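Overview (structure and organization)
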4 protein chains.
Amino acid sequence: MAEPNGSPHRYDLRIYYEDTDAGGIVYYANYLAYAERARAEMLRELGVESSRLMRDNNVVLAVRWCSVDYLRSAVLDDHLVIETSLQRLGGATLEVTQIVRRQEIDLVRIDLKLGCVSLCGGAARLPLAVREKLGGHLNSNRS
Amino acid sequence: MAEPNGSPHRYDLRIYYEDTDAGGIVYYANYLAYAERARAEMLRELGVESSRLMRDNNVVLAVRWCSVDYLRSAVLDDHLVIETSLQRLGGATLEVTQIVRRQEIDLVRIDLKLGCVSLCGGAARLPLAVREKLGGHLNSNRS
Amino acid sequence: MAEPNGSPHRYDLRIYYEDTDAGGIVYYANYLAYAERARAEMLRELGVESSRLMRDNNVVLAVRWCSVDYLRSAVLDDHLVIETSLQRLGGATLEVTQIVRRQEIDLVRIDLKLGCVSLCGGAARLPLAVREKLGGHLNSNRS
Amino acid sequence: MAEPNGSPHRYDLRIYYEDTDAGGIVYYANYLAYAERARAEMLRELGVESSRLMRDNNVVLAVRWCSVDYLRSAVLDDHLVIETSLQRLGGATLEVTQIVRRQEIDLVRIDLKLGCVSLCGGAARLPLAVREKLGGHLNSNRS
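Described in the following lines is the structure provided in the data block. (Residues numbered from 1 in each chain as written. Chains lettered and ligands numbered in written order. Predicted model: local features only at pLDDT ≥ 70, side-chain atom pairs only at ≥ 80, totals over all residues. Heavy atoms only, no water.)

**What to know about the overall build of chain A**
Formally: Secondary structure elements are defined from DSSP: runs of H or I of at least 4 residues count as helices, runs of E of at least 2 residues count as strands, and each element is numbered from the N terminus. Note on method: radius of gyration uses C-alpha positions; expected globular size equals 2.2 Å times residues raised to 0.38. The buried label goes to any residue with under 20% of its type's maximum accessible area, the exposed label to any with over 50%, and the partly exposed label to all in between, with areas taken from a 1.4 Å probe on protein chains only. The criterion used for residue contact is that any of the two residues' heavy atoms lie within 4.5 Å. Residues scored as charged are limited to Lys and Arg (positive) and Asp and Glu (negative), so that His and the chain ends carry no count. Every charge is mapped to an atom, namely NZ of Lys, CZ of Arg, CG of Asp or CD of Glu.
Of the regular secondary structure elements, chain A holds three helices and five strands. Going residue by residue from the N terminus, the α and β elements of chain A occur as β-α-α-β-β-β-β-α. Compactness check: chain A gives a C-alpha radius of gyration of 15 Å against a globular reference of 15 Å for 143 residues, within 12% of the reference. Based on the C-alpha atoms only, the size of chain A along its principal axes is roughly 45 × 35 × 25 Å. Looking at chain A as a whole, 58% of its 143 residues qualify as buried. Once local pairs closer than 6 in sequence are excluded, the contacts in chain A between residues at least 24 apart make up 68%. In chain A, the 18 positive side-chain charges and the 19 negative ones have mean positions that sit 7 Å from each other.

What follows is the structure in structure tokens.
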């Protein structure tokens with residue numbers, strides 16, 4: 001839940017065969033997919049759904065940049081938690097940090113910059129309602 | 001939950017961008033991944049985990065055959081339920097039917113035959129403990 | 001190449017980490033993705049591209065049904081070939097058989113029925129130009 | 001081909017439905033999978049295969065960190081090229097830059113640090129034969 005005081009949103013995740021590779025661990029690209037699931041759930045709890053953003057506002061939130069630190073590996077049947085913190089909120093962009101944990105151990109840290117993009121092409125401002133909903137969830141202790 | 005009387009196991013699923021394609025719908029191969037998640041959760045509730053099967057029994061449950069009927073499409077942000085029914089249980093094989101639903105509408109029906117396979121190669125018998133746990137969950141009204 | 005006499009189209013494929021799972025083999029759902037790549041290349045060689053079908057004809061070719069036999073497993077670094085044969089061609093549907101091979105050994109056999117679907121919803125007839133291009137490539141020795 | 005003078009290795013790629021999402025573009029996590037395909041082919045041309053590294057040397061090359069700049073989007077049916085340059089080579093690590101291009105336009109830039117990891121856990125030195133093969137392909141004009 002995205003708490004009003006800006007504490008991180010938590011998303012639970014189970015690791016299945018589809019997530020793993022022949023090295024016996026979770027394939028490195030998949031963490032970006034999990035991170036997107038976690039961001040989608042954080043937004044959904046604020047009342048923002050991607051499909052409605054496309055339909056009603058003609059925009060999508062696109063990742064412009066990300067950086068991923070792979071600290072430890074996850075394996076089959078692991079139960080993971082992703083903590084998502086909103087670090088910065090601009091008129092057309094947002095910055096997010098996401099930590100993938102198994103119990104209290106950090107496995108992967110992802111930092112991202114997202115931009116609001118018009119489906120017709122080009123940057124767009126964040127819809128005001130989205131901006132206001134996100135505004136209350138800025139992380140006050142930036143990591 | 002896999003009910004003792006053999007009623008189907010239910011697994012909940014949300015559709016994210018990663019699941020969809022440029023046609024605006026869920027990519028057809030992904031339903032097989034969702035089906036595997038649902039089977040893994042059905043087994044986990046019976047106390048059977050894939051990682052322990054590999055480690056303790058040196059076997060995996062592998063799909064030998066499947067048939068998929070695509071009736072309707074799922075789209076971004078859909079909430080789906082997968083109903084999994086165990087149809088037949090042999091010494092080394094099992095047959096499963098899985099229905100992907102949105103609300104009460106059937107979207108995809110998957111029939112599968114799985115076999116127990118030794119990590120050293122070749123077929124293997126289902127571990128007795130697994131067979132007994134599954135035995136109580138056979139579907140009595142085969143569809 | 002889709003030969004004029006209806007001999008199968010051949011598509012080459014290499015197996016990477018992303019394709020494999022913790023069981024050390026190619027994940028079962030991925031063969032459907034490879035099959036789609038092979039169908040796309042067969043169509044591209046006939047001058048039919050999915051993106052143009054969407055843009056110019058407002059239709060997509062969607063899989064309505066498939067059946068998959070998993071005979072043997074593929075593993076990391078395997079070089080595979082997919083043979084695609086057009087088995088039947090209707091006004092709005094086509095039937096295709098695809099065999100995934102490693103050297104001369106059959107690994108997976110996929111049978112599919114595809115239907116032409118309007119982006120506005122509902123079935124649609126195959127564009128005439130597509131139908132004519134496909135017509136010359138029907139498999140004469142149906143398997 | 002990884003040229004002896006250290007010019008980038010080129011890998012060709014086609015975009016299929018499986019690669020795209022409901023926003024009509026390639027899903028952002030997938031570029032990391034393409035990058036891995038390109039690195040695997042660069043290594044294969046030098047005579048290094050991941051499956052043999054695992055079997056003969058008991059090691060894998062794992063991504064420890066990456067950074068991804070998303071400059072422009074790829075779409076269905078695009079033909080892309082990935083240029084891979086080896087930037088730095090240590091005893092147990094390597095640094096790589098990969099540029100995803102459509103014709104002469106840069107779409108995505110990926111910087112990675114990889115480490116050699118023992119299948120038994122823990123860091124490992126790069127096998128000497130691998131290190132020597134890579135040594136001749138260091139990029140002399142670091143970008």
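**Considerations on the interface of chain D and chain C**
Quick reminder of the rule: A simple way to read buried area is as the amount of 1.4 Å-probe accessible surface that goes missing from two parts once joined, with both sides added. For this document, the term salt bridge refers to a Lys or Arg side-chain nitrogen within 4 Å of an Asp or Glu carboxyl oxygen.
At the junction of the two partners, chain D supplies 18 residues and chain C supplies 18 residues. If you sort the residues of chain D by the area they bury against chain C, D:Tyr16, D:Tyr17 and D:Asp77 come out on top, with a joint share of 34%. Across the contact surface, chain D and chain C share six salt bridges. Here D:Asp77 and C:Arg44 are joined by a salt bridge, their closest N and O atoms 3.2 Å apart. Only strand S1 (9-14), helix H1 (30-45) and helix H2 (50-57) of chain D provide two or more residues apiece to the side of chain D that touches chain C.

**Brief notes about the relation of the copies chain D and chain C**
Applicable threshold: Least-squares superposition of the copies uses the C-alpha atoms of those residues scoring a pLDDT of at least 70 in each of them.
Once turned by 180° and shifted 0.0 Å along the axis, chain D lies on chain C with an RMSD of 0.0 Å. Put plainly, the chains are arranged around a two-fold axis. Considering only C-alpha atoms, the part of chain D nearest the rotation axis is D:Leu13, at 5.8 Å. Most of the interface of chain D is mirrored in chain C, where 100% of its interface residues are also at the interface.

**Observations regarding the relation of the copies chain D and chain A**
Taken as rigid bodies, chain D and chain A are interconverted by a rotation of 180° and an axial shift of 0.0 Å, the fit giving an RMSD of 0.0 Å. Of the residues that chain D buries at the interface, 95% are likewise interface residues in chain A, meaning the two copies contact each other through the same surface.

**As for unusual backbone geometry**
Residue and element names in this part refer to chain A. We note that Asn 58 has phi near 65°; this positive angle belongs to a residue other than glycine. Along the chain, Asn 58 turns up in the loop between helix H2 (50-57) and strand S2 (59-70). Overall, Asn 58 belongs to the partly exposed group, its relative accessible area being 34%. Even without glycine at this site, Gln 103 takes up a positive phi of about 50°. Mapped onto the fold, Gln 103 is located in the loop between strand S4 (93-102) and strand S5 (105-118). Given the relative accessible area of 66%, Gln 103 is considered exposed.

**A short note on the sheet that holds strand S2 (residues 59-70) of chain C**
Worth spelling out the cut-off: The pairing criterion for strands is at least two bridges between them, as found by DSSP. Only the stretch in contact is used when fitting a helix axis, every axis being a line fitted to C-alpha atoms; angles between N-to-C directions are given from 0 to 180 degrees.
Strand order in the open sheet formed by 10 strands is S1(B)-S3(B)-S4(B)-S5(B)-S2(B)-S2(C)-S5(C)-S4(C)-S3(C)-S1(C), and the pairing between neighbours is antiparallel. The open sheet has two edge strands, strand S1 (9-14) of chain B together with strand S1 (9-14) of chain C, and neither has a second partner. Strand-to-strand twist of the sheet, defined as the mean angle between neighbouring strand axes without regard to direction, takes the value 25°.

**Observations concerning the sheet that holds strand S5 (residues 105-118) of chain D**
Here we have 10 strands laid out as an open sheet, ordered S1(A)-S3(A)-S4(A)-S5(A)-S2(A)-S2(D)-S5(D)-S4(D)-S3(D)-S1(D), and antiparallel in their pairing. The open sheet has two edge strands with one neighbour each: strand S1 (9-14) of chain A together with S1 of chain D. Along the sheet, successive strands turn relative to each other by an average axial angle of 25°, direction set aside. Of the strand pairs in this sheet, strand S2 (residues 59-70) of chain D and S5(D) are connected by 11 bridges, and their pairing is antiparallel. Of the residues in S5(D), the one forming a bridge with D:Leu61 is D:Cys116.

**Structural notes on the side chain of D:Asp21**
Inspection of the secondary structure assignment puts D:Asp21 in the loop between S1 and H1. Notably, D:Asp21 is buried but unbridged: the nearest opposite-charge side chain belongs to A:Arg39, and the N-O separation is 9.3 Å. Contact partners of D:Asp21, with chain neighbours within four places excluded, come to B:Tyr17, B:Thr20, B:Asp21, B:Ala22 and D:Tyr27.

**Focus on the pattern of salt bridges**
One pass over the structure, following the stated rule, counts 48 salt bridges over all chains. Here C:Arg37 ties to D:Glu18 by a salt bridge, and the two come within 2.5 Å at their closest N and O atoms. Separated into two different chains, C:Arg37 in helix H1 (residues 30-45) and D:Glu18 in the loop between S1 and H1 make up a pair that spans both. Its relative accessible area of 7% is what places C:Arg37 among the buried residues. For D:Glu18, a relative accessible area of 22% gives the class partly exposed. A salt bridge links C:Arg52 to C:Glu49, with the shortest nitrogen-to-oxygen separation between them at 3.7 Å. For C:Arg52, a relative accessible area of 37% puts it in the partly exposed group.

**Examining the environment of D:Ala22**
Mapped onto the elements, D:Ala22 comes out in the loop between S1 and H1. Non-local contacts of D:Ala22, meaning those with residues more than four positions away in its chain, are made with A:Met54, B:Tyr17, B:Thr20, B:Asp21 and B:Gly24.

**Regarding helix H1 (residues 30-45) of chain B**
Residue and element names in this part refer to chain B. Note the following rule: Multiplying 1.5 Å by the residue count of a helix minus one yields the expected span of that helix.
Along its 16 residues, H1 runs 23 Å from first to last C-alpha, staying within 8% of the 22 Å computed at 1.5 Å per residue. Most of H1 sits out of view: 15 of its 16 residues are buried. Just downstream of H1 lies Gly 47, where phi reads positive at about 90°.

**A word on the interface of chain D and chain A**
The condition that has to hold: Two N or O atoms count as a polar contact when they lie within 3.5 Å, although within protein this holds only if one can serve as hydrogen donor and the other as acceptor, and sequence-adjacent residues are included solely when both atoms are side-chain atoms. Classification used: nonpolar for Ala, Val, Leu, Ile, Met, Phe, Trp, Tyr, Cys and Pro, charged for Asp, Glu, Lys and Arg, polar for all others including Gly.
Between chain D and chain A, the contact holds 21 residues from the first and 20 residues from the second. Summing both partners gives a buried area of about 1700 Å² for chain D against chain A, and 56% of it is carried by carbon and sulfur. Its largest share of buried area at the contact with chain A, chain D owes to D:Tyr28, D:Leu32 and D:Tyr70, together 30% of the area lost on that side. On the surface where chain D and chain A come into contact, there are zero salt bridges. Summed over the shared surface of chain D and chain A, the result is 12 residue pairs in polar contact (both at pLDDT 80 or more). The set of elements that each furnish at least two residues to the side of chain D that touches chain A consists of H1 and S2 of chain D. Among the elements that make up the side of chain D that touches chain A, the one with the highest residue count is S2(D) (eight residues). Its residues assigned to classes, the side of chain D that touches chain A comprises 15 nonpolar, two polar and four charged.

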